[in-house]
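# Architecture at a glance
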Amino acid sequence: MKRLKVSENFYLDEFVCPEVYNKFGFNSQWFIQKELIAICQFIRTHINKPLVINNWFNGGNYAYSGLRPLSGGVGAFNSLHRYGAAVDIKVQGRTSAQVYSFIKEHWEALNKIGLTTLENIKHTPTWVHLDCRNTTNNELLIVNP
(Lines give C-alpha, C1' and ligand atoms only; values in the text may rest on other atoms or scores of the structure.)
Protein backbone atom coordinates (compact mmCIF):
# COMPACT_ATOMS: atom_id res chain seq x y z
CA MET A 1 0.00 0.00 0.00
CA LYS A 2 1.15 3.52 -0.74
CA ARG A 3 1.58 6.22 1.87
CA LEU A 4 -0.48 9.40 2.13
CA LYS A 5 1.42 12.53 3.11
CA VAL A 6 -0.67 14.58 5.57
CA SER A 7 1.79 17.39 6.36
CA GLU A 8 5.30 18.50 5.50
CA ASN A 9 6.94 15.80 7.62
CA PHE A 10 4.23 13.21 8.32
CA TYR A 11 2.37 10.39 6.64
CA LEU A 12 -1.06 9.11 7.63
CA ASP A 13 0.30 5.72 8.75
CA GLU A 14 2.29 7.49 11.46
CA PHE A 15 -0.99 8.48 13.14
CA VAL A 16 -2.90 5.20 12.65
CA CYS A 17 -2.50 1.64 13.92
CA PRO A 18 -2.01 -1.08 11.27
CA GLU A 19 -5.45 -2.67 11.83
CA VAL A 20 -7.26 0.55 10.94
CA TYR A 21 -4.87 1.49 8.13
CA ASN A 22 -5.14 -1.92 6.49
CA LYS A 23 -8.94 -1.85 6.70
CA PHE A 24 -9.60 1.75 5.65
CA GLY A 25 -6.43 2.78 3.78
CA PHE A 26 -6.34 6.49 3.01
CA ASN A 27 -9.83 6.84 4.47
CA SER A 28 -8.19 6.33 7.88
CA GLN A 29 -7.67 10.08 7.81
CA TRP A 30 -11.38 10.39 8.66
CA PHE A 31 -10.55 9.17 12.16
CA ILE A 32 -7.69 11.58 12.96
CA GLN A 33 -8.35 15.08 14.23
CA LYS A 34 -6.59 17.48 11.86
CA GLU A 35 -5.47 19.57 14.83
CA LEU A 36 -3.38 16.64 16.03
CA ILE A 37 -1.46 16.57 12.77
CA ALA A 38 -0.89 20.33 12.92
CA ILE A 39 0.33 20.11 16.53
CA CYS A 40 2.84 17.38 15.66
CA GLN A 41 4.04 19.35 12.64
CA PHE A 42 4.51 22.47 14.81
CA ILE A 43 6.62 20.49 17.29
CA ARG A 44 8.63 18.82 14.49
CA THR A 45 9.26 22.14 12.74
CA HIS A 46 10.29 24.08 15.83
CA ILE A 47 12.41 21.39 17.50
CA ASN A 48 13.90 20.56 14.08
CA LYS A 49 14.36 16.88 14.95
CA PRO A 50 12.51 13.80 13.71
CA LEU A 51 9.42 13.01 15.72
CA VAL A 52 8.17 9.43 16.02
CA ILE A 53 4.57 8.48 16.65
CA ASN A 54 4.04 5.16 14.84
CA ASN A 55 6.73 3.60 12.67
CA TRP A 56 5.20 0.16 12.02
CA PHE A 57 4.83 0.89 8.28
CA ASN A 58 8.62 0.88 7.91
CA GLY A 59 9.18 -2.11 10.19
CA GLY A 60 9.51 -0.17 13.44
CA ASN A 61 8.29 -1.15 16.90
CA TYR A 62 5.58 1.49 17.40
CA ALA A 63 2.08 0.69 16.17
CA TYR A 64 -0.25 2.06 18.86
CA SER A 65 1.10 5.53 19.68
CA GLY A 66 -1.60 7.20 17.61
CA LEU A 67 -5.08 5.97 16.73
CA ARG A 68 -5.86 2.65 18.42
CA PRO A 69 -8.68 0.28 17.51
CA LEU A 70 -11.89 0.71 19.52
CA SER A 71 -11.84 -2.96 20.51
CA GLY A 72 -8.08 -3.29 21.10
CA GLY A 73 -6.35 -4.27 24.30
CA VAL A 74 -3.76 -1.49 24.23
CA GLY A 75 -4.25 1.38 26.68
CA ALA A 76 -7.28 2.55 28.60
CA PHE A 77 -10.77 1.73 27.33
CA ASN A 78 -11.79 5.40 27.12
CA SER A 79 -8.45 6.67 25.83
CA LEU A 80 -8.54 9.56 23.40
CA HIS A 81 -6.20 7.46 21.25
CA ARG A 82 -9.31 5.47 20.28
CA TYR A 83 -10.92 8.63 18.91
CA GLY A 84 -8.02 10.04 16.89
CA ALA A 85 -7.44 12.83 19.40
CA ALA A 86 -4.20 11.69 21.08
CA VAL A 87 -0.63 10.68 20.27
CA ASP A 88 2.42 9.57 22.18
CA ILE A 89 5.51 11.19 20.69
CA LYS A 90 9.22 10.55 20.90
CA VAL A 91 11.67 13.12 19.52
CA GLN A 92 15.04 11.94 18.26
CA GLY A 93 17.87 13.39 20.33
CA ARG A 94 15.56 14.79 23.01
CA THR A 95 14.40 13.34 26.31
CA SER A 96 10.70 13.26 27.11
CA ALA A 97 11.40 15.91 29.78
CA GLN A 98 12.92 18.21 27.16
CA VAL A 99 9.96 17.75 24.82
CA TYR A 100 7.52 18.29 27.69
CA SER A 101 9.31 21.53 28.58
CA PHE A 102 9.25 22.67 24.94
CA ILE A 103 5.51 22.11 24.78
CA LYS A 104 4.92 24.03 27.98
CA GLU A 105 7.11 26.91 26.72
CA HIS A 106 5.12 27.05 23.45
CA TRP A 107 1.79 26.42 25.10
CA GLU A 108 0.03 29.52 23.76
CA ALA A 109 0.80 28.73 20.11
CA LEU A 110 0.02 25.03 20.52
CA ASN A 111 -3.25 25.76 22.28
CA LYS A 112 -4.32 27.98 19.37
CA ILE A 113 -3.83 24.96 17.10
CA GLY A 114 -5.86 22.71 19.42
CA LEU A 115 -3.60 21.17 22.07
CA THR A 116 -5.31 21.03 25.46
CA THR A 117 -3.75 18.20 27.45
CA LEU A 118 -0.48 16.50 28.43
CA GLU A 119 -0.07 13.39 30.51
CA ASN A 120 1.97 13.87 33.67
CA ILE A 121 5.62 13.31 32.73
CA LYS A 122 6.11 11.14 35.83
CA HIS A 123 4.08 8.46 34.07
CA THR A 124 5.66 8.78 30.61
CA PRO A 125 9.43 8.41 31.00
CA THR A 126 10.22 7.74 27.34
CA TRP A 127 7.40 9.53 25.49
CA VAL A 128 5.08 12.52 25.74
CA HIS A 129 1.32 11.99 25.57
CA LEU A 130 -0.60 14.92 24.16
CA ASP A 131 -4.21 15.27 23.15
CA CYS A 132 -6.94 17.56 21.90
CA ARG A 133 -9.76 16.80 24.30
CA ASN A 134 -12.47 19.39 24.71
CA THR A 135 -11.90 21.45 27.84
CA THR A 136 -13.74 24.47 29.19
CA ASN A 137 -10.69 26.65 29.83
CA ASN A 138 -7.53 27.82 28.11
CA GLU A 139 -5.13 26.36 30.66
CA LEU A 140 -2.96 23.36 29.95
CA LEU A 141 -4.54 20.29 31.50
CA ILE A 142 -2.06 17.82 33.04
CA VAL A 143 -3.61 14.39 33.60
CA ASN A 144 -2.55 11.20 35.34
CA PRO A 145 -3.25 7.87 33.65
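The structure under discussion appears in the preceding block.
Residues numbered from 1 in each chain as written. Predicted model: local features only at pLDDT ≥ 70, side-chain atom pairs only at ≥ 80, totals over all residues. Heavy atoms only, no water.

## Focus: the pattern of salt bridges
To be explicit about the condition: Salt bridge, as used here: a side-chain nitrogen of Lys or Arg that lies within 4 Å of a carboxyl oxygen of Asp or Glu. Strands are runs of DSSP state E lasting at least 2 residues, helices are runs of H or I lasting at least 4, and numbering of each runs from the N terminus. Summary of the burial criterion: residues with accessible area below 20% of their type's maximum are buried, those above 50% are exposed, and those between are partly exposed, where the area comes from a 1.4 Å probe applied to protein chains only.
Scanning the model with the defined rule gives 4 salt bridges in all. Where Arg-3 meets Asp-13, a salt bridge forms, and the shortest distance between an N and an O atom there is 2.9 Å. Of the two residues, Arg-3 sits in the segment before α1 (18–24) while Asp-13 sits in the segment before α1, which places them 10 residues apart along the sequence. A residue is classified by how much of its surface remains accessible, and Arg-3, at 28% relative accessible area, is partly exposed.

## Side note on the state of the cysteines
Working definition: the covalent bond between the sulfur atoms of two cysteines is a disulfide. As a reminder of what qualifies: Disulfides are defined as pairs of cysteine sulfur atoms found within 2.5 Å of each other.
Enumeration according to the criterion identifies 0 disulfides in this entry. With no disulfide partner, Cys-132 has as its closest neighbouring cysteine sulfur the one in Cys-40, 8.3 Å distant. Judged by its relative accessible area of 10%, Cys-132 is buried.

## Details of a nonpolar patch on the surface
Test applied: Every patch collects residues that have over 30% relative accessible area and no salt bridge, joining them within 9 Å if they carry like charges and within 5 Å if they are nonpolar side chains (Val, Leu, Ile, Met, Phe, Trp, Tyr). Computed with the Shrake-Rupley method and a 1.4 Å probe, the accessible areas treat only the protein chains shown as cover for residues.
A grouping of Phe-24, Trp-30 and Phe-31 is seen on the molecular surface, where their side chains present a nonpolar patch of about 330 Å² in accessible area. Relative to the elements of secondary structure, Phe-24 occurs in helix α1. We classify Phe-24 as partly exposed; its relative accessible area is 34%.

## Regarding the sheet that holds strand β5 (residues 141–143)
Rules: One requirement defines pairing of two strands: DSSP has to find at least two bridges between them. Should any heavy atoms of two residues lie within 4.5 Å, those residues are counted as being in contact. Axes, fitted as lines to C-alpha atoms, cover a helix only where it is in contact. Angles between the N-to-C directions of the axes lie from 0 to 180 degrees.
Pairing is mixed across the open sheet formed by 5 strands, whose spatial order is β1-β2-β4-β3-β5. Because the sheet does not close on itself, it has two edges, and the strands there are β1 (51–52) and β5. In this structure, strand β3 (residues 117–119) lies alongside β5, joined through 3 bridges in parallel fashion. Looking across to β5, one finds that Glu-119 is bridged to Val-143. Helix-sheet contacts for helix α2 (residues 34–47) involve β1, β2 (86–91) and β4 (128–131), and the interaxial angle to β2 is about 15°.

## A few points about the packing of aromatic side chains
Worth spelling out the cut-off: Stacked, edge-to-face and tilted labels apply to pairs of Phe, Tyr and Trp rings (six-membered ring for Trp) whose centres lie within 6.5 Å, assigned for plane angles under 30 degrees, over 60, and everything in between, in that order. Ring-over charges, as used throughout, are those where CZ of Arg or NZ of Lys falls within 6 Å of the ring centre and within 35 degrees of the ring normal.
According to the stated counting rule, one finds 6 aromatic pairs in the structure shown. Arranged with centres 5.6 Å apart and planes meeting at 65°, the rings of Trp-56 and Phe-57 form a pair that is edge-to-face. Overall, Phe-57 belongs to the partly exposed group, its relative accessible area being 27%. Through a chain of ring-to-ring contacts, the aromatic side chains of Tyr-21, Trp-56 and Phe-57 assemble into a single cluster. Positioned over the ring face of Tyr-11 is Arg-3, at 4.0 Å from the centre of the ring. Positioned above the aromatic ring of Tyr-62, the side-chain terminus of Lys-90 is 3.9 Å from the ring centre.

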